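Commentary on secondary and tertiary structure
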Amino acid sequence: MARGAATCGSDARLPLGRDAVRPAPALLAPAVLLGAALGLGLGLWLGCRAARPRPRHQECDPSFNSNITAFALKAKVVYPINQKFRPLADGSSNPSLHENLKQAVLPNQPVRASPSSSLGSLSQAEKDDCSSSSSIHSATSDDRFLGRTFLQASSFPEALTCESVDLDLCIYNLHLKDLLHLDAALRQEKHLMFIQIFKMCLPDLLPKKKSDDELYQKILSRQENDLEELEKRLQVRLSNTEMLGAGDSEYITLADVEKKEREYSEQLIDNMEAFWKQMENIQHFLVDQLKCSSTKARQLLTTLTERMIAAEGLLRDSQDLQALDTLERTMGRAHMAKTIEFLKLQIQEETKCRLAAISRGLELLAVEGKLSGRQKEELLTQQHKAFWEEAERFRRDFVQRGKDLVKASLVHQAERTEKLMLAQEEERRCFLAESPRTADPEEFLQAFHEVLERQRLEWSGLEEDENVRATEAAAALCQELYRSTMETFQKFMDALFLQTLPHVTNLSQAECEYLRQEAQENAARQLGKSDRFRNQQWKLFQDLLEQEKQVWMEEHTLSTVLQAHLRDDHESIIHRVLGHLGGLSEESTQCILQGHELLLRSAIRRLALRGSTITTLTQMRLSGKKTLLQELREQHALEQGSSQCLDEHQWQLLRALEARILEEASRLEEEAQQVRLQLQQQLVAEAQGVGQLLQQHTEQAIGQALLGHARTTASRSRAKDTDGFKGTLMEAAAESVYVTSAGVGQLVHAYYQQIGRAMQDHEERKLQHLKTLQGERMENYKLQKKQELGNASSGGQMAGGAQGASGAVHRRMLAQQKGFLAQFTVHQRIRLDARKQEARLLDRLEAQLETQLQEAEQSFISELAALARVPLAESKPFANKRGLSEKPLKTKRRKPASRERGDAGGPKDEDPACTGPHSGSLSSKRLSQQESAVGDGENSKKMLKRRSNL
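Every chain is numbered independently, its residues counted from 1 as its sequence is written. Predicted model: local features are reported for residues with pLDDT of at least 70 only, side-chain atom pairs are reported and counted for 80 or more only, and whole-chain, interface and lining totals are derived from all residues. The basis for the side-chain values is all heavy atoms of the structure; hydrogens and waters are excluded.

Moving on, we get to the overall build of the chain. Secondary structure is summarised from DSSP: a helix means a run of H or I of at least four residues, a strand means a run of E of at least two, and numbering begins at the N terminus for each. Each helix and strand in the chain was counted, giving 22 helices and two strands. Counting across all 950 residues of the chain, residues that qualify as buried make up 44%. We call two residues in contact when some of their heavy atoms are within 4.5 Å. By sequence separation, contacts in the chain at least 24 residues apart represent 86% of the contacts at least 6 residues apart. Remark: exposure states derive from per-residue accessible area (1.4 Å probe, protein chains only) relative to the maximum for the residue type, with buried under 20%, exposed over 50%, and partly exposed in between.

Below, the structure is given as structure tokens:
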């Protein structure tokens, strides 16, 4: 306190006269403008430099090899604090100059700290705050803050020039949109890379086909159409969700934002699962629709999965880097928005300081008796009205002309966007046309990814350039309106002191000029105090940005830990399951692990982006508390630097303010932990849901592999048992004394007769059923023809009776055209139905023929076993086989494969790792059975010849 008193005394004894501190009135406004422009220009340049994304190679410094360190280094925001002139001002009130001047607080607008408020004016507020902390906590509770509305701006320039906007929430909402756009861009790249990888795999499947072949294009177009349909469905759902809670209002609540983001996440997860299913259906499509062999289809899917895993790795690295770039741009937006906010509010500070100076001058005249109290109040009221109306005009003009700036910015951005889109499409087309895909697939994918990543950076760079351009335009508009308003303020003061006061009082012109200069000096001193407070306020804002970035880095680290935990957990589970199962071939196990790895990578990448969204929502929920704490810190900085001379009461109030700051900081930390825990629980729940989807797909793959393995094992066992029994039967018949040449000949003859009857019955039944179907088709055709003729004649009569010949002919021709088109459609449908009936009929007849052929074979073997006195117990596998054949499965009719498709039949020793229950055609099975039966007959003849020789 003693040191403070000494300092006060030394300040009071400064040997400076009035002329030493008197500024030149003509240079006051230019000096202020120069300082504001200088601070704005440097601040914008540094902010834009920090916000602009950098190339990937600049992050490879060996001493800083982490993305987090690189982000922390390049996201610095520096602003010069010690400037000669006043940089920026927010125009807060100064109760010590004029206690009754208060700015109207708009709805949902946070209250800013006063640049020159006294501790005395703070004391009552501090008492109220300390006595009702619970009420403040309830007022800023989650429910109330979630219902708070803010502008849902579609672009940063729109948020920059709007009125009564909570910029923190608005900028964070734009950050959410950027994350959604990043996800869309990465999804588009995934689809493009999938098509290119599929193209690289097709030559192995169709070695004799060229890329312009019809079959080749059919396969590609099928996959491209499926992806387009998948994206269309997603965009429709996203658009419907975007309209949630909006209605016709431009504002939205935080609760609606959180709900929309949850629905976005669910829809994106559904889209991810649909893409998984499309990849899983590729093998079935190739086998069922194109009659490719299962072996080749499985090889294609394995290669496709392996290369898509590499593509997912590239997408993950790109997503991590660009998510940090998106955060950096958001911090740059906050910097630019704060700059424009200071510029918009500086006119209010000018108004308050000038009115305070005028009030002090009029008060001195009233004390000296040269002006009555009534005259003083009337003059002061007139000046208040004139100054604040001019300040209001500044605000209206900025809002109106700001809207024009937004429109111009959006038009300019749309033009540049269209040009960039066309240029990037041409670049992709040229790259794909010039780059060979078969030389080195990994090198091709890496080069293609770099092209797409550079194009994404170009998009973000274009948007950032437009943001900077709009900010510079808004700053120029503020300066233009500021100069105009300052000229008007100067006219008001000149008119008051040089025209009104000489008329009202008996003061000379020289005395009035002296009073005018006194008022300007007083206003300049008050603005100097405001300058110092603005510098402190800007420094606190920088500290707040640093704290925000630190929080984001912590959340990024936690998200990385969660991703690693999910990966380790799922990988350990799948390895344990496969280890306990056993029996699967190495190829089957590798196929399952590859599929699981691809799904796991895409799922974790989706959850990582959702984690960034959760962090953004957390910061949005805490925005109110952070704003309150920031205002208290600004108030503390203002009071601490306002004067060195504080009495005991003022020191106590300052200490109370410091205690309040600590209390609010503790409360903010506690609430941050609660909000973070609540939203992290949503992320964990979504991660569990994604894990269940991943588990279902993996279980399905394992089940198909086990089913195929069981079928292969059973088939080999049956074949082994059958071959063993046939060998035993042949040896027994050769050595048996009961088997004679005549007996075996009769059996063979009876077997051939049974086969012949079966084939003849099959042909007769087929011919009879086809004739029946043809007759039914002819009857339907005749009935349809009669109906069409009846409709045409009735239509012609109605047309002829209605009007003249020319009009009737014209209408009749139109009716005939429509009738012909309708008839064509009906005939096509009739033919399609007929082909479907015919296909079902042939499938049923083939199944019956297969059953009869199996019965003939079983009958021959049974009679030969009885003739050779071989026990029928050894033929039990044949009984099982017959039992199965008596209930044949109805399979779809398949057309014979072309020569280019190679081995269209089922593979002989293929591994059913990734295949379903697909098998060869019935015709190929029947042919093999007939050959085996004929072989049995030939073996029987050779056996009889050997017997006769003996």
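Once you've had a look at it, read on.
Right, let's get into a nonpolar patch on the surface. Two distance rules govern patches: like charges are joined within 9 Å, and nonpolar side chains (Val, Leu, Ile, Met, Phe, Trp, Tyr) within 5 Å, applied only to residues with over 30% relative accessible area and no salt bridge. Per-residue and other accessible areas follow the Shrake-Rupley method at a 1.4 Å probe size, with only the shown protein chains counted as cover for residues. The term salt bridge refers to a side-chain nitrogen of Lys or Arg lying within 4 Å of a carboxyl oxygen of Asp or Glu. Among the surface-exposed residues, Ile573, Val577, Leu581 and Leu706 lie close enough to one another that they form a single nonpolar patch of about 270 Å² accessible area. Per-element accounting of the nonpolar patch gives the leading share, three residues, to helix α15 (residues 509-581). Relative to the assigned elements, Ile573 resides in helix α15.

Okay, a positive patch on the surface next. Together, Arg360, Arg525, Lys529 and Arg532 make up a region of like positive charge exposed at the surface. Broken down by element, the positive patch gets its largest block of residues, three residues, from α15. If you trace the backbone, Arg525 turns up in helix α15. When charges are counted, neither His nor the chain ends are considered; positive counts come from Lys and Arg and negative counts from Asp and Glu. By convention, the charge on Lys lies at NZ, on Arg at CZ, on Asp at CG and on Glu at CD.

What follows covers the UniProt feature "coiled-coil region" (unreviewed entry) in the chain. UniProt positions are given in the numbering used here, feature names are shortened, and annotations may be inferred rather than shown by experiment. Sequence positions flagged by UniProt for "coiled-coil region" (unreviewed entry) are, in local numbering, residues 213-240 and 654-685. End C-alpha to end C-alpha, residues 213-240 measures 40 Å, and it is 96% helix and 0% strand. Along residues 654-685, the helical share is 100% and the strand share 0%, with 46 Å between the first and last C-alpha atoms.

This part is about the packing of helix α12 (residues 294-367) against helix α14 (residues 441-504). Note on geometry: axes are C-alpha line fits, over the in-contact stretch for helices, and angles between N-to-C directions span 0 to 180 degrees. Across the interface, α12 lies against α14 with an axial gap of 11 Å and an inter-helix angle of 5°. The pairing of α12 with α14 is recorded here as roughly parallel in orientation. Amino acids are sorted into nonpolar (Ala, Val, Leu, Ile, Met, Phe, Trp, Tyr, Cys and Pro), charged (Asp, Glu, Lys and Arg) and polar (every other residue, Gly among them). Looking at the contact of α12 with α14 residue by residue, the class counts come to 23 nonpolar, twelve polar and eleven charged. Each angle receives one of four descriptions, namely roughly parallel if under 35 degrees, roughly antiparallel if over 145, roughly perpendicular if within 65 to 115, and oblique otherwise.

Right, let's get into the packing of α14 against α15. Between α14 and α15, whose axes approach to 9 Å, the crossing angle comes to 150°. Between α14 and α15, the crossing angle belongs to the class labelled roughly antiparallel. The hand of the α14/α15 crossing is right-handed. Residue-level contacts link Gln490, Met493, Asp494, Phe497, Leu498, Leu501 and Pro502 of α14 to Gln509, Cys512, Glu513, Leu515, Arg516, Ala519 and Gln520 of α15. Crossing handedness: left-handed means the near helix sits turned counterclockwise from the far one by under a right angle, and right-handed means the same turn made clockwise.

What follows is about the nonpolar core. Buried Ala, Val, Leu, Ile, Met, Phe, Trp, Tyr and Cys residues that are joined via side-chain atoms within 4.5 Å together make up what is termed a nonpolar core. If you look at the biggest cluster of nonpolar residues, it comprises 71 residues, and the most contacted ones within it are Leu362, Phe497 and Met620. Here this core gets 15 residues from one element, more than from any other, and that element is α12. Those residues in contact with Met620, other than ones at most four positions away along the chain, are Phe145, Phe150, Leu169, Tyr172, Asn173, Leu176 and Leu254. Ranked by size, the runner-up nonpolar core spans 52 residues in total, among them Ile219, Ile309, Phe448 and Leu607.

The subject of this paragraph is helix α16 (residues 586-621). In a regular helix each residue adds 1.5 Å, so 36 residues correspond to 52 Å; α16 covers 52 Å between its end C-alpha atoms and thus fits that length. Of all 36 residues in α16, 29 are buried; the element is thus mostly enclosed. The span one expects for a helix is its residue count, reduced by one, times 1.5 Å.

Our next topic: a negative patch on the surface. A cluster of acidic side chains, namely Glu306, Asp440, Glu442 and Glu443, defines a negative patch on the protein surface. Tracing the backbone shows Glu443 in helix α14. Given a relative accessible area of 54%, Glu443 falls into the exposed group.

Okay, the pattern of salt bridges next. As enumerated under the stated definition, the model contains 47 salt bridges in all. With a closest N to O distance of 3.0 Å, Arg187 and Glu231 form a salt bridge. Pair noted here: Arg187 is in helix α9 (residues 167-205) and Glu231 is in helix α10 (residues 214-242), with a separation of 44 residues, a long-range link. Judged by its relative accessible area of 22%, Glu231 is partly exposed. Linking Arg456 and Glu189 is a salt bridge whose minimum nitrogen-to-oxygen distance equals 2.3 Å. Taken together, the positions of Arg456 in helix α14 and Glu189 in helix α9 put the pair 267 residues apart, joining distant regions of the chain. On the accessibility criterion, Glu189 (1% relative accessible area) is buried. Where salt bridges share partners, they join Lys625, Arg660, Glu663, Glu664 and Arg667 into one cluster.

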